Each structure stands twice: as C-alpha cells, then as structure tokens.
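So you can see what is in the structure, the chains are spelled out below.
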Amino acid sequence: MTIKVGIIGAGVMGSDHARTIAAAVSGASVSAVADIDAERAQSLAADVGAAAFNDPLALIAASEVDAVLVASHDSTHTELVLACLAAGKPVLCEKPLALDLDDCASILVAEQATGTRLVSVGFSRRFDPANVALKDALIAGQIGRPLLAHAVHRNVSNSPDGDSASTVLNSAIHECDQTPWLFDHPVTEVSWHAPASTSLLPQRQDPQLILLRTADGALTTVEVFVNAVYGYDVRLEVVGETGTLSLGEPALVIRNSDLARSADYPADWRPRYAAAYRAEAQAWVDSVASGKYHPALASAADGYRATAVAHAVIASMDSDGAVTTVKYPHADLLAAVEGAHR
Ligand code: ISE
C-alpha cells in the first residue's frame with residue numbers, strides 16, 4: 001500500500017518534505033503539490049513526479065491525495081487543517097498548528113467530531129535522534145531529578161519582515177513544545193526578557209531571552225536569536241541533581257589546518273534536522289497506513305499547548321517581562337480529546 005501525499009506549500013519546508021518523502025520514506029509517494037505561486041508548484045511537482053495545483057482546497061479534495069502535509073504560511077494553517085478534517089483526510093501540519101488559541105481549539109473540536117485522530121503537528125525535534133537520546137537518558141535517571149535546562153536557538157537570518165511576536169510563534173514555538181515534552185510536565189509560568197538588540201534586524205527585538213517554568217518546578221532558559229549571522233546553532237543542556245546532559249555538537253567533521261581547529265555550521269535547519277524530518281515523515285506515513293496514531297507524533301492537543309505557551313510569552317513581552325501564568329482556557333476540551341484517544 002502506498003500513501004499518496006499532497007503537499008501544500010512549495011517553499012523551503014514544503015520542498016524539503018516533498019523531496020524527503022519522495023526519496024527516503026517507504027510506503028509513500030508525493031502525488032500532488034499546491035502553491036499560490038503556480039511556477040513554484042509546477043517546478044516542485046515536476047521534481048517529485050506529482051501533479052501541480054494552484055488551489056490548496058482542490059488538492060485536499062483530489063482523489064489522488066490520501067493524506068496532506070501543510071507547509072504553507074503559518075496564517076493559512078487553520079483553514080487548511082479544517083478542510084482536511086472536513087474531507088476526513090489525515091494531515092501533518094507544520095508548526096505552529098495555528099497562530100491563535102481559538103483556532104487551535106476549533107481544530108480540536110473538528111478533529112473530535114471525526115471520532116479519530118487525524119491531525120499531527122510538525123514538532124520535528126521529537127524525532128531528532130540526539131533529542132530523543134537525551135530524553136531517554138533523563139527518563140533512565142542518569143542525572144537524577146532535572147532542575148533546569150538551557151536552550152539556545154540561533155538562525156543565520158530568518159523572516160526579515162517579522163516582528164518580535166513572530167520570533168516566538170515561529171521559532172521559539174519549538175522550545176514551547178520541546179520543554180514540556182522533555183520534562184513530561186506542562187509549562188505553567190513564563191517570562192520574557194530583552195537583551196541589547198542587534199542593529200541588523202531593526203524592527204524586532206533580537207535576541208530574546210525567555211524563561212519557561214514547568215509544573216515540576218524546573219526552569220528552562222531559552223535564548224532565541226533569529227539573525228545570529230554566523231550559523232544555524234541549536235543547543236540544549238539539562239542540569240540535574242547528579243549531572244548534566246547536553247546535545248553533542250552536530251558537526252560531523254572537525255578540521256585541523258592553518259594552526260586552527262574548526263567545524264562548519266549549517267546555514268539553516270534543514271541539514272541539522274534532516275534525520276528528524278525523515279523519521280517524522282516515516283512515522284506519519286506509517287500511522288496513516290496502519291490507522292494507528294504513532295505515539296511520537298505531536299498531536300493537535302500538543303499543538304494547542306505550544307501556542308498557549310507562546311501567547312503567554314508574548315503577553316509577558318507586552319508587559320515588560322512580567323512573570324505570566326500560562327492559560328489553557330480550553331482545558332475541558334483538551335481533557336476530552338486526550339481521554340478519548342487514550
Ligand atoms: C523554522 O520554521 C524552523 O522550524 C526552524 O527549526 C527554526 O530554527 C526557525 O527559527 C523557524 O523559522
């Protein structure tokens with residue numbers, strides 16, 4: 001059985017996912033590509049042997065599409081995920097699930113109405129081999145009880161037209177998901193802080209420092225710096241009662257030459273997370289084929305929670321860094337959805 005995947009969005013991530021699924025995921029093919037830019041859709045579709053669509057809703061409805069991967073602009077996610085649910089088709093939506101909490105809730109309601117679990121969210125770090133090994137070591141008790149973590153998230157340059165809130169909703173959203181995933185406790189309280197800001201990205205605060213407290217009391221510091229220039233650099237260290245765990249440096253080659261020791265950084269996230277994207281797509285395709293939700297995939301409820309944390313961070317940003325409680329206003333809905341899927 002081959003799952004025919006339709007990809008919406010032929011930009012950086014849509015193209016990467018399409019090529020990964022076409023070349024490296026078993027049991028799947030890319031049957032359709034849609035983009036508002038017809039040429040871009042045509043060119044990616046030709047590369048992966050798919051049909052090109054201009055209208056994403058037509059792609060969702062198409063008989064040659066069994067499952068949909070949404071990698072279009074963040075602001076389009078809600079409408080497209082809801083259309084997939086209305087069509088009864090499984091959907092893997094890039095993060096964030098939606099920019100607004102009510103939109104996330106409307107997705108949860110629509111998914112609940114289908115009586116099955118059709119929505120997955122592209123929190124790919126859950127599939128990164130290093131992140132997974134770190135979490136396994138934590139669960140195995142290798143450093144005792146975790147007390148705090150330091151996360152660093154630096155891009156070379158990213159969405160130059162975005163504002164400070166978009167840094168949180170588009171980039172730090174990874175740590176908004178990674179932190180509760182790692183500690184297995186929800187984020188309860190946050191604060192946002194502004195160091196001196198780079199002159200290279202004048203319309204937004206860059207870098208930002210975010211503190212996330214989880215219900216177990218652990219505190220995570222997150223530096224998110226979207227115009228760090230020198231390389232794509234993501235780090236994580238967890239400090240426990242008896243030791244620390246950190247991600248290894250991702251460089252595969254260390255160069256010794258000219259009296260120097262050096263290694264290359266990737267220019268963006270694609271090389272750093274290639275294995276994670278492949279494993280995530282494989283898990284998703286397997287879950288679609290088997291009709292059984294893969295436990296490592298982030299669910300719509302996970303997507304909801306990450307957006308809730310991001311909004312608390314933005315509320316702190318808007319109130320000079322005040323410590324802000326994270327609100328999960330649709331708690332009953334979350335409980336109902338998760339209870340039904342247990
Ligand atoms: C991008 O969408 C990603 O998912 C990357 O992992 C992240 O580093 C980047 O900041 C986001 O814009």
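Higher on the page you've got the structure.
Quick summary incoming for the structure in this document. For clarity, every value in this text was computed on a predicted model and none was experimentally measured.

Looking at the sheet that holds strand β5 (residues 91-94)
Point 1. Spatial strand order, β3-β2-β1-β4-β5-β6-β15: seven strands in an open sheet with mixed pairing. Bordering the open sheet on either side are β3 (51-53) and β15 (298-299), each of which pairs with just one other strand.
Point 2. Relative to strand β2 (residues 28-34), strand β1 (residues 3-8) runs parallel, the two being bridged by six bridges. Considered in β2, the bridge of G6 is made with A32.

Focus on the site of the ligand
Point 1. Near the ligand the following residues occur: K95, H153, N155, N158, N170, S171, H174, Y232 and W269.
Point 2. Within the side chain of N170, one N or O atom sits 2.5 Å away from an oxygen atom of the ligand.
Point 3. Measuring from an oxygen atom of the ligand, one finds a side-chain N or O atom of S171 at 2.6 Å.
Point 4. Compared with its free state, where it exposes 300 Å², the ligand has 93% of that area covered by protein.
Point 5. Split by residue class, the shell around the ligand holds two nonpolar, six polar and one charged.

Describing the side chain of N131
Point 1. Here N131 lies in helix α6 (residues 129-139).
Point 2. The exposure class assigned to N131 is buried, which follows from its relative accessible area of 1%.
Point 3. Ignoring any residue separated from it by four or fewer positions in sequence, one finds N131 in contact with R125, Q178, W181, L247 and R272.

A closer look at unusual backbone geometry
Leaving glycine out, the prevailing phi sign among residues is negative, and the prevailing peptide bond configuration is trans.
Point 1. Note that the residue after K95, namely P96, is joined by a cis bond; omega there is -10°.
Point 2. Mapped onto the secondary structure, P96 falls in the loop between β5 and α5 (101-114).
Point 3. Here the amide bond leading from D206 into P207 is cis, since omega sits at 0°, within 30 degrees of zero.
Point 4. The topology assignment puts P207 in the loop between β8 (187-193) and β9 (208-214).
Point 5. Of note in the backbone geometry, S159 takes a positive phi value of approximately 30° without being a glycine.
Point 6. Within the fold, S159 resides in the loop between β7 (146-154) and α7 (164-183).
Point 7. Its identity as a non-glycine residue notwithstanding, D184 has a phi of 60°, on the positive side.
Point 8. Assignment of secondary structure puts D184 in the loop between α7 and β8.
Point 9. On the accessibility criterion, D184 (65% relative accessible area) is exposed.

What counts and what doesn't
Residues numbered from 1 in each chain as written. Predicted model: local features only at pLDDT ≥ 70, side-chain atom pairs only at ≥ 80, totals over all residues. Heavy atoms only, no water. Pairing = 2+ DSSP bridges. Helix = DSSP H or I, 4+ residues; strand = E, 2+ residues; numbered from the N terminus. Near = heavy atom within 4 Å. Polar contact = N/O pair within 3.5 Å; in protein donor to acceptor, adjacent residues only side chain to side chain. Areas by Shrake-Rupley, 256 points an atom, 1.4 Å probe, with all protein chains shown as cover. Nonpolar A, V, L, I, M, F, W, Y, C, P; charged D, E, K, R; others polar. Buried < 20%, exposed > 50% of the residue type's maximum accessible area, 1.4 Å probe, protein only. Contact = heavy atoms within 4.5 Å.

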